[in-house]
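What follows is each chain in one-letter form.
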Amino acid sequence: MPKTSNCLAVLQAGGKGTRMYSITNDRVPKVLLPIGGRPMLEWQILNLSKYGIKDFVIIVGHLGDQIMSYFGDGSNLEVNINYIVESEPLGSGGALTYLTEKIDGIDHIILALGDVMFDIDVNRFISFHKVCGGLATLLVHPNAHPHDSDLVVLKQPEITDEEAVALPVGGLITGFDSKKNVRNYYYDNCVNAGLYLLEPKVILGLGPVRPLDLEKEILLPYIEKNRLFGYHTTEYVKDAGTPERYRMVEMDLEKGILKNKNLLNPQRAIFFDRDGTLNEYRGLISSVDAFKLLPGAATAVKKVND
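Keep in mind the model is a prediction, meaning the values are calculated, not measured.

Our next topic: the overall build of the chain. If you tally the helices and strands in the chain, you get 11 helices and 13 strands. For 306 residues, the compact-globule estimate of 2.2 N^0.38 gives 19 Å, and the chain sits close to it at 22 Å. With respect to the principal axes defined by its C-alpha atoms, the chain has extents near 75 × 45 × 45 Å. Every one of the 306 residues in the chain was classed for burial, and the buried ones make up 46%. Here the chain has roughly 16,400 Å² of accessible surface; of this, 52% comes from carbon and sulfur atoms.

With that settled, the discussion passes to the environment of I218. Among the structural elements, I218 can be located in helix α7 (residues 214-219). When the C-alpha positions of I218 and F176 are compared, they lie 14 Å apart, and in sequence the two are 42 residues distant. Residues contacting I218, with those up to four places away along its chain left out, are G93, L96, V202, L206, L212 and D213.

Before going further, it helps to examine the confidence of the model for the chain. Per-chain confidence: the chain averages 89 in pLDDT, with 91% of residues scoring 70 or above. Mean pLDDT per element in the chain: helix α5 (residues 161-166) is the minimum at 55, and helix α3 (residues 64-71) is the maximum at 98.

For helix α9 (residues 243-254), with 12 residues, the first-to-last C-alpha span of 17 Å sits near the 16 Å given by 1.5 Å per residue. Among the residues of α9, those classed as buried are P243, Y246, V249 and D252. Taken together, the buried residues of α9 touch α1 (21-24), β2 (34-35), β7 (116-119), β13 (236-239) and α10 (257-260). Remark: G256 follows α9 within two positions and exhibits a positive phi of approximately 80°.

Covered by surrounding structure in β7 are V116 and F118 together with M117 and D119, the residues of both alternating faces. The pairing of β7 with β13 spans four bridges and is classified as antiparallel. Opposite D119, over in β13, you have Y236 as the bridge partner.

Summarising burial for helix α2 (residues 40-49): eight of the 10 residues are buried, a large majority. Turning to α2, its buried residues number three or more, namely M40, L41, E42, Q44, I45, N47, L48 and S49.

What follows concerns the packing of aromatic side chains. This structure, assessed with the given rule, holds three aromatic pairs. Relative to Y231, the ring of F125 has its centre 5.1 Å away and its plane inclined at 25°; by these criteria the two rings are stacked. Separated by 106 residues along the polypeptide, F125 in helix α4 (residues 122-132) and Y231 in strand β12 (residues 228-232) bring together distant segments of the chain. For the pair formed by F125 and Y231, the shared burial category is buried. Ring pairs connect the aromatic residues F125, F128 and Y231, which therefore count as one cluster. Of note, R183 hangs over the ring of Y187, and the distance from its end group to the ring centre comes to 5.1 Å.

Turning to the pattern of salt bridges, a few remarks are in order. Summed over all chains, the structure comprises 10 salt bridges. D177 serves as the salt-bridge partner of R183, at 3.3 Å between the closest nitrogen and oxygen. In this structure R183 comes out as buried when scored by relative accessible area, which is 17%. Residue classification places D177 among the buried residues on the basis of a relative accessible area of 9%. The partner of K238 in a salt bridge is D252, with the nearest N and O atoms 3.4 Å apart. Placement of the pair is K238 in strand β13 and D252 in helix α9, with a sequence separation of 14 residues.

Time to look at the side chain of Q44. Relative to the helices and strands, Q44 resides in helix α2. Assessed through its relative accessible area of 1%, Q44 is described here as buried. Engagement of the side chain of Q44 in a polar contact is seen with the backbone oxygen of L113, the distance being 2.8 Å. Setting aside residues no more than four positions away along its own chain, Q44 makes contact with L11, A112, L113, G114, D115, V116 and F118.

Quick notes on the rules
Residues numbered from 1 in each chain as written. Predicted model: local features only at pLDDT ≥ 70, side-chain atom pairs only at ≥ 80, totals over all residues. Heavy atoms only, no water. Helix = DSSP H or I, 4+ residues; strand = E, 2+ residues; numbered from the N terminus. Rg over C-alpha atoms; globule rule 2.2 N^0.38 Å. Buried < 20%, exposed > 50% of the residue type's maximum accessible area, 1.4 Å probe, protein only. Areas by Shrake-Rupley, 256 points an atom, 1.4 Å probe, with all protein chains shown as cover. Contact = heavy atoms within 4.5 Å. pLDDT = per-residue confidence, 0-100. Expected span 1.5 Å × (residues − 1). Pairing = 2+ DSSP bridges. Phe/Tyr/Trp six-rings, centres within 6.5 Å; stacked < 30°, edge-to-face > 60°. Lys NZ or Arg CZ within 6 Å of the ring centre and 35° of its normal. Salt bridge = Lys/Arg side-chain N within 4 Å of Asp/Glu carboxyl O. Polar contact = N/O pair within 3.5 Å; in protein donor to acceptor, adjacent residues only side chain to side chain.

See below:
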């Protein structure tokens, strides 16, 4: 597998995990809860390290000593791990200000929320980010409850035809659609998944250490500058931060869904049109009697759906 560009991975694991108290009893950080015999945070490290990412910073806070004790310097996983300890809560983005001294020579920063389980082709994510030329890229995807989610509004980027051939789906972020809005209009099911790609300039521009909101105070200003993008993927990225979602991720892992949805693996696809893909081409069809499936088409569609 080709090595990615020189990236630093930053994992956010400093929250109290109040939504998981029924499982953790506030005795263990939620990111250390086992899924398939490994903590969630370990799955993140393993997925990223497959793509040549070996330098990690884990942001810890509440019960952070357990995280540092478990992972140590990362040598057991053949990676290098440093830590940022939040002595007091700094919001979703404040601790990133401590990264200033850790990004010398770094091309990109991959930021992941600690309770997100994922298995993605990181190289595709980075390629999209490079082609678009933004300062920050959010990984976005559809979810099962867009009606009560904050949505990301995308516009296709201006790129060449050659770039478009190899470019995954995504676009320029033009705004966020709050879940509090009355949506009596058409909207795309496009949600922030909790994975980000940042240029070092983003970190260097944060200023002194202080509480910061990642989306509102750090990322939102880049919309007006046309420097914030969304990478849309069908790969497995799921919030495991509630008991119900945690158990769902456990089942998905057991079924092999995480690995199979990685775009390095062949994906199923069906193409429907009137030009000979599934049916005989007969020009403009105005009657159902003129429609005729190609030999074997119905059997093939049934086999895929089964």
